[in-house]
Number of protein chains: 2
Amino acid sequence: MPIPRFFCQDLNTEEPSLGESESHHAFRVLRLSAGQEVELFDGRGGVADGTISEATRRSVTVRITGRHPQVPRGKPEVIVAAAPPKGDRFKQMLEKLTEIGISRFIPLKTGRSVVEPRPQRLDRLDATVMSAARQSRQAWLPVIDPVTDLAAVLRHAVECSDRIWLAHPGSSGVARVDRRTTLRSAERDLVLIGPEGGFTSEEVVLISDHGARRLMWPHGILRIETAAVVFAALLLAGAADAPSVSGGSAG
Amino acid sequence: MPIPRFFCQDLNTEEPSLGESESHHAFRVLRLSAGQEVELFDGRGGVADGTISEATRRSVTVRITGRHPQVPRGKPEVIVAAAPPKGDRFKQMLEKLTEIGISRFIPLKTGRSVVEPRPQRLDRLDATVMSAARQSRQAWLPVIDPVTDLAAVLRHAVECSDRIWLAHPGSSGVARVDRRTTLRSAERDLVLIGPEGGFTSEEVVLISDHGARRLMWPHGILRIETAAVVFAALLLAGAADAPSVSGGSAG
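The rules behind the values
- Residues numbered from 1 in each chain as written.
- Chains lettered and ligands numbered in written order.
- Predicted model: local features only at pLDDT ≥ 70, side-chain atom pairs only at ≥ 80, totals over all residues.
- Heavy atoms only, no water.
- 1 Å grid on protein atoms, 1.4 Å probe; cavity = no way out; pocket = protein on both sides within 12 Å on 5 of 7 lines; lining within 4 Å.
- Points joined across faces, edges and corners; volume = space filled by probe spheres on them.
- Nonpolar A, V, L, I, M, F, W, Y, C, P; charged D, E, K, R; others polar.
- Helix = DSSP H or I, 4+ residues; strand = E, 2+ residues; numbered from the N terminus.
- Least-squares fit on C-alpha atoms with pLDDT ≥ 70 in both.
- Contact = heavy atoms within 4.5 Å.
- Buried area = accessible area lost by both parts, 1.4 Å probe.
- Salt bridge = Lys/Arg side-chain N within 4 Å of Asp/Glu carboxyl O.
- Polar contact = N/O pair within 3.5 Å; in protein donor to acceptor, adjacent residues only side chain to side chain.

I tried to follow empty space enclosed by the protein on my own but got confused; where do I start?
If a probe the size of a water molecule is rolled over the atoms, the empty space left behind becomes visible. Evaluated as defined, the whole model comprises two cavities of 30 Å³ or more. Pro84, Pro85, Lys86, Val114, Pro195, Glu196 and Ile224 of chain B together form the lining of the largest cavity. Counted by class, the lining of the largest cavity contains five nonpolar, no polar and two charged residues. Residue lining of the second largest cavity: Gln92, Met93, Lys96, Glu225, Thr226 and Val229 of chain A together with Lys96 and Val229 of chain B, and that is the complete set. Residue assignment for the lining of the second largest cavity shows that the elements contributing at least two residues are helix 2 (88-100) and helix 7 (224-236) of chain A. Counted by class, the lining of the second largest cavity contains three nonpolar, two polar and three charged residues.

Written out as structure tokens, the structure reads:
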């Protein structure tokens, strides 16, 4: 069994305590006790070795025995901006996006969005993300943004020179490519995934005007959460240019 | 709203009845009634247009008005053989694999498998697969095999000249490539995904001896169901040769 791993916000003290849900996982689920070697990660590239110094139902404390060199963010960085799907599918989506290693998730407000998660809901999803990161041995947690509208997401992406990708089944139109944005090798990819009813045609034009390229899945229509995982995986694998999925410019 | 779509085993009669769960979906969920236009698919490439002739709580009957040309299977064909994950994750995995368009799923029996689904369980999953295929507008349903052991899966794949891929984090070893199997363009890809504890070293040797190439995810350790969806998607997109994921021969 690999050394158990826990999220810990602050690795700069000598004997940090784990948060509530991580303490629960250590004490109640894994039944660890004092003396057990563990690994801690802070979700921002910090990783440390330690030994449990005290474990109770309320809190688990770890004495740090060594710190790893800072782990850099994986490349390419992939940001997913998606209209949140309903119910449990949102949670499953964030779990899988964390496992595959995206750097940021933006809950997207669009014309046809049906679900607008409340801030409390997004807070609860932090625990999902943390547990998926622990399990998949990520050193970085994806940032979960507040709900943001499409125009603001696009503006910010252009400011940051992100490559923008539109996952939008069945759209077609005139090719309009902003070459400054799309034809250079990108530091960061942003993939936009619309709600169940799709982006409105005004939104597609707006996205296209920001230099997005289109991603299509040739083998069927994907649900929001499946599209998010599939297209983020293709971008993370550096395979979004595969001719079967790359549909040229959006529009 | 697109024309509602239903699975129907037999499209060769003039006025077929839908099965129990499809009738329920039509009558109770979508509240369709006589006169409504629908599309039927048989999961083997047959698609027909029709009009509901009778809709009751028990059964919905459709009068066929036209038949589409037989839809060929998508290329490449991708077969996923995976140790079934626990509980709901198995269902979620099959749902997503159906959406992205794999052609066959084989529940894999391995040395470290923890879950061996009973035949009744696999039967219930047929409904999941059918509903995912309906939703994603597939013309073909993936075939769900009975639980099969690794050696039999490998034997059959070699007989069929499938390209074999091993998703196995962290393994390394001597490159052993059976060039007859791996270096030609394949009609069909088989991806093998081990249980939570991984394939045993004997199993890795066995898989390697059958000419498998390795797939690795560079951004973290994936759960079974995430690995299945990610690697099947890369194969379906024709992107498994992306240098970031292709680890050469297994071994």
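Just checking my understanding: could you explain the relation of the copies chain B and chain A for this structure?
There are two copies of the chain, and a rotation about an axis plus a shift along that axis relates them. By a simple turn and slide, chain B fits onto chain A: the slide is 0.0 Å along the axis, the RMSD is 0.0 Å, and the turn is 180 degrees. Viewed as a symmetry operation, the transformation between the two copies matches a two-fold axis. Counting the interface residues of chain B, we find that 100% of their copies in chain A are interface residues as well, pointing to one common contact surface.

What's the story with the interface of chain B and chain A in this structure? I'm lost.
When the parts come together, some accessible area is lost, and that loss is often what is quoted as the size of the interface. Contacts between the two partners involve 31 residues from chain B, matched on the other side by 31 residues from chain A. Roughly 2,700 Å² of surface becomes buried between chain B and chain A when both sides are summed, with 54% attributable to carbon and sulfur atoms. Put simply, chain B and chain A have eight salt bridges between them. Residue Glu95 of chain B pairs with Arg223 of chain A through a salt bridge whose shortest N-O separation is 3.3 Å. Put simply, chain B and chain A have 20 residue pairs in polar contact (both at pLDDT 80 or more) between them. Elements represented by at least two residues in the side of chain B that touches chain A include exactly helix 2 (88-100) and helix 7 (224-236) of chain B. Of all the elements, helix 7 of chain B adds the most residues to the side of chain B that touches chain A, at seven residues. Among the residues making up the side of chain B that touches chain A, the classes are represented as 13 nonpolar, 10 polar and eight charged.

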